Amino acid sequence: MGESMKTTWIGDVQSGQHDNKEVELKGWVKRSRGSNKIRFIVLRDSTGTIQCVAKRDVLGDESFEQIKSALIESSIILKGTVNVDERSEGGHELVVNSAEVIGPVNPETPFPITESAMAAADGGETEFLLDNRHLYLRTSRMTTMLKIRSSVFGAIHSYFRDRDFLEYQAPNFVAGAVEGGSTLFEVPYFGRKAYLTQSWQLYAEAAMPALERLYTIAPSFRAEKSRTRRHLTEFWHAEMEMAWATNDEIMNHGEGVVRHISSTLLDERSDELETLGRDLDLISRFADSPYPRIRYDEAVETLQGLGVEIEWGQDLDYSKEKILTQDFDVPHFLTHYPKIAKPFYHRVDPDDEKYVLCHDLLAPEGYGEIIGGGERTWSEEEILARIDEEGTPREPYQFYIDTRTYGGVPHGGFGLGVDRVCSWLSGADHIREVIPFPRDSRRVTP
Ligand code: 4AD
Ligand code: MG
């Protein structure tokens, strides 16, 4: 038997591509039961599961004993004939004629993730699964999430590349804040201080006069102390920047990419979404319907009408977005936030200086903000005034100011929280469900 190349996937067998044919399946034991004469092994690989029937009188004693003692998560290779069998899960069954155990699991250290271990765990099931995250990844729920996540990343790349955006990379060690000092991670840097970047944006603006339309998908870092269902300290950030664009045009792309992600998931991941109990009609609505645009002031009035205590000028925190979006049926843009609620780079509305030309896109069902973006302050005079007004030192931003000094143009962009989008579209209860190794203020392991 070959131990390296793999040619047959269980998903293809279950979809009928190998009916009545001889195949070699490589995978891991998901379940195993039976007697001293016959074993029913549920084999899994990255594409699915299949029941395999192994008999002592076919395999011979040595091989049968080996496969009989292969514990859950042992890796094995099975050869046999594919039977069409309505009673088996997936409609197919492998009748095994030879078997080999590749990576046996030691009976003294069986696979730790079991119902009883979860129930008995001291710190509770959630902490237990986070401690065993490296092994939890191969369970069906997590595998499903990772497949959805891969399609979301693919959809973002294809959306921007199909529209002539260039992929561009910014440094992750930086000298200044983008989104305010309170969530900056400080790192010792050869006797100086550096920070982990909160956003690609400022360095993207430096390349804007070179590339005009650019995007990235990269990690961003925020020292978020509070642990909520939508905050990570390391998250994946899809950002775009565009020359010669207004707030409305930037929103068109925000809406475009989220709708494209939704329709890609319908094409590629309907089965996975259904496994998670997600209503596909909802996802179709996110893919097909336009996203309304309302002003911040209107949202504040709505919230006040609902009895929520909120003062004009506050940014909306999660508790307020949750209430606001509970009854939305599609994502909504909130535009024109008060200047005092947003960082210096947002462009002041020339029609009313109290506001900036910005937007947040809020996902429905209580999920809240998934995009933040807008037009940038683009003249040298205005950016200097805004930096001084906020009491921010100019020095770390000199490169940013220079972008305006040498041929500044109107431009803008946005950042989309990829993990938040995955969490919303998969209907997860918590953002940590959709990222392989979630990082928060209490956990950097495994
Ligand atoms: O709204 P934010 O802070 O905007 C920016 O960083 C801009 N510089 C982006 C730009 O214009 N290029 O972050 C953008 C998005 C949020 O809407 C949210 O979806 C996500 O990033 N995000 C987080 N996701 C997970 N965990 C966190 N701690 C996040 N902080 C922001
Ligand atoms: Mg924001």
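Structure's up top.
Residues numbered from 1 in each chain as written. Chains lettered and ligands numbered in written order. Predicted model: local features only at pLDDT ≥ 70, side-chain atom pairs only at ≥ 80, totals over all residues. Heavy atoms only, no water.

Enquirer: Lay out the site of ligand 1 in plain terms, naming residues and giving numbers.
Expert: The immediate surroundings of ligand 1 are formed by 25 residues, with Glu-179, Gln-201, Leu-232, Glu-239 and Glu-369 found nearest. Computed on the free molecule, ligand 1 has an accessible area of 620 Å², of which 95% lies beneath the protein chains in the complex. In this structure the site holding ligand 1 corresponds to the second largest pocket. Of all the elements in the fold, those that place two or more residues in the shell around ligand 1 are strand S11 (234–243), strand S15 (368–375) and strand S16 (411–417). In the shell around ligand 1, the residues fall into eight nonpolar, nine polar and eight charged. (Near = heavy atom within 4 Å. Areas by Shrake-Rupley, 256 points an atom, 1.4 Å probe, with all protein chains shown as cover. 1 Å grid on protein atoms, 1.4 Å probe; cavity = no way out; pocket = protein on both sides within 12 Å on 5 of 7 lines; lining within 4 Å. Sits in = over half its atoms within 2 Å of the grid points. Helix = DSSP H or I, 4+ residues; strand = E, 2+ residues; numbered from the N terminus. Nonpolar A, V, L, I, M, F, W, Y, C, P; charged D, E, K, R; others polar.)

Enquirer: Describe the sheet that holds strand S12 (residues 293–295), with residues and values.
Expert: The eight strands lie next to each other as S6-S10-S11-S16-S15-S14-S13-S12, forming an open sheet whose pairing is mixed. Both outer strands of the open sheet, strand S6 (166–167) and S12, are each paired with one neighbouring strand and no more. Pairing between S6 and strand S10 (residues 213–221): two bridges, direction parallel. Bridge pairing links Leu-166 to Leu-214 in S10. (Pairing = 2+ DSSP bridges.)

Enquirer: Explain the sheet that holds strand S8 (residues 185–189) to me, and be specific about the residues and the numbers.
Expert: As summarised here, the arrangement of the three strands in space is S7-S9-S8, forming an open sheet in which the pairing is antiparallel. Only two strands of the sheet have a single neighbouring strand rather than two, namely strand S7 (173–174) and S8.

Enquirer: Explain the packing of aromatic side chains to me, and be specific about the residues and the numbers.
Expert: Counting across every chain of the model gives 17 aromatic pairs. Ring plane angle 65° and centroid distance 5.8 Å describe the contact between Phe-153 and Trp-236, whose orientation is recorded as edge-to-face. With Phe-153 in helix H7 (residues 140–162) and Trp-236 in strand S11, this residue pair connects regions lying 83 residues apart in the sequence. Looking at Phe-153, the relative accessible area reads 17%, which means it is buried. Where Tyr-296 meets Trp-312, the ring centres are 6.4 Å apart and the plane angle is 80°; that geometry is what we call edge-to-face. Taken as a pair, Tyr-296 in helix H11 (residues 296–305) and Trp-312 in the loop between H11 and helix H12 (318–325) lie far apart in primary sequence, 16 residues in all. For Tyr-296, a relative accessible area of 0% corresponds to the buried category. Overall, Trp-312 belongs to the partly exposed group, its relative accessible area being 38%. A network of ring pairs unites the aromatic residues Tyr-203, Phe-344, Tyr-345, Tyr-397, Phe-399 and Tyr-400 as a single cluster. Above the ring of Tyr-367, the side-chain terminus of Arg-229 is found at 5.4 Å from the ring centroid. (Phe/Tyr/Trp six-rings, centres within 6.5 Å; stacked < 30°, edge-to-face > 60°. Buried < 20%, exposed > 50% of the residue type's maximum accessible area, 1.4 Å probe, protein only. Lys NZ or Arg CZ within 6 Å of the ring centre and 35° of its normal.)

Enquirer: Lay out the side chain of His-92 in plain terms, naming residues and giving numbers.
Expert: Assignment of secondary structure puts His-92 in strand S5 (residues 92–103). The exposure class of His-92 is buried, given its relative accessible area of 7%. Only 3.3 Å separates the side chain of His-92 from the backbone oxygen of Gly-90, close enough to count as a polar contact. Excluding residues within four positions of it along the chain, His-92 makes contact with Val-13, Gln-14, Gly-16, Asp-19, Ile-50, Gln-51, Val-82, Asn-83, Val-84 and Asp-85. (Polar contact = N/O pair within 3.5 Å; in protein donor to acceptor, adjacent residues only side chain to side chain. Contact = heavy atoms within 4.5 Å.)

Enquirer: Can you lay out the layout of surface pockets for me, pointing to particular residues and giving the numbers?
Expert: Estimates place the volume of the largest pocket at around 1,200 Å³. Surrounding the largest pocket, 36 residues form its lining, Lys-30, Arg-44, Thr-49, Thr-139 and Ser-140 being those nearest its centre. Only helix H1 (10–14), strand S1 (22–34), strand S2 (38–45), strand S3 (48–55), helix H4 (115–120), H7 and helix H9 (247–275) provide two or more residues apiece to the lining of the largest pocket. Broken down by element, the residue count for the lining of the largest pocket peaks at five residues, all from H7. The residue inventory of the lining of the largest pocket, partitioned by class, reads nine nonpolar, 15 polar and 12 charged. (Points joined across faces, edges and corners; volume = space filled by probe spheres on them.)

Enquirer: I'd like to hear about a negative patch on the surface, residue by residue, with values.
Expert: A surface patch of like charges, here negative, comprises Glu-353, Glu-380, Glu-381, Glu-382 and Asp-402. The element best represented in the negative patch is helix H13 (residues 380–389), accounting for three residues. (Patch = residues over 30% accessible without salt bridge, like charges linked within 9 Å, V, L, I, M, F, W, Y side chains within 5 Å. Salt bridge = Lys/Arg side-chain N within 4 Å of Asp/Glu carboxyl O. Lys, Arg positive; Asp, Glu negative; His and termini not counted. Charge placed at Lys NZ, Arg CZ, Asp CG, Glu CD.)

Enquirer: Could you give me a rundown of the pattern of salt bridges, with the residues and numbers involved?
Expert: Note on pairing: side chains with opposite charge can pair once their charged atoms come close. Scanning the entire structure with this criterion turns up 30 salt bridges. A salt bridge links Arg-443 to Asp-131, with the nearest nitrogen and oxygen atoms 3.0 Å apart. Note that Arg-443 is positioned in the segment after helix H15 (418–426) and Asp-131 in helix H5 (residues 125–131), a separation of 312 residues in sequence. Under the relative-accessibility criterion, Arg-443 is labelled buried at 11%. Since its relative accessible area comes to 46%, Asp-131 is described here as partly exposed. The residue Glu-375 makes a salt bridge to Arg-347 at a minimum N-O spacing of 2.8 Å. Of the two residues, Glu-375 is situated in strand S15 and Arg-347 in the loop between strand S13 (332–335) and strand S14 (358–363); the sequence distance between them amounts to 28 residues. Salt bridges here are not isolated pairs; linked through shared partners, they connect Glu-205, Glu-241, Arg-376 and Arg-404.

Enquirer: Mind laying out unusual backbone geometry, listing which residues take part and the relevant values?
Expert: Along the chain, Thr-445 connects to Pro-446 via a cis peptide bond; the corresponding omega equals -10°. Along the chain, the position of Pro-446 falls in the segment after H15. Positive phi, normally seen in glycine, also occurs at Asn-20, with a value near 60°. In this structure, Asn-20 sits in the loop between H1 and S1. For Asn-20, a relative accessible area of 58% puts it in the exposed group.

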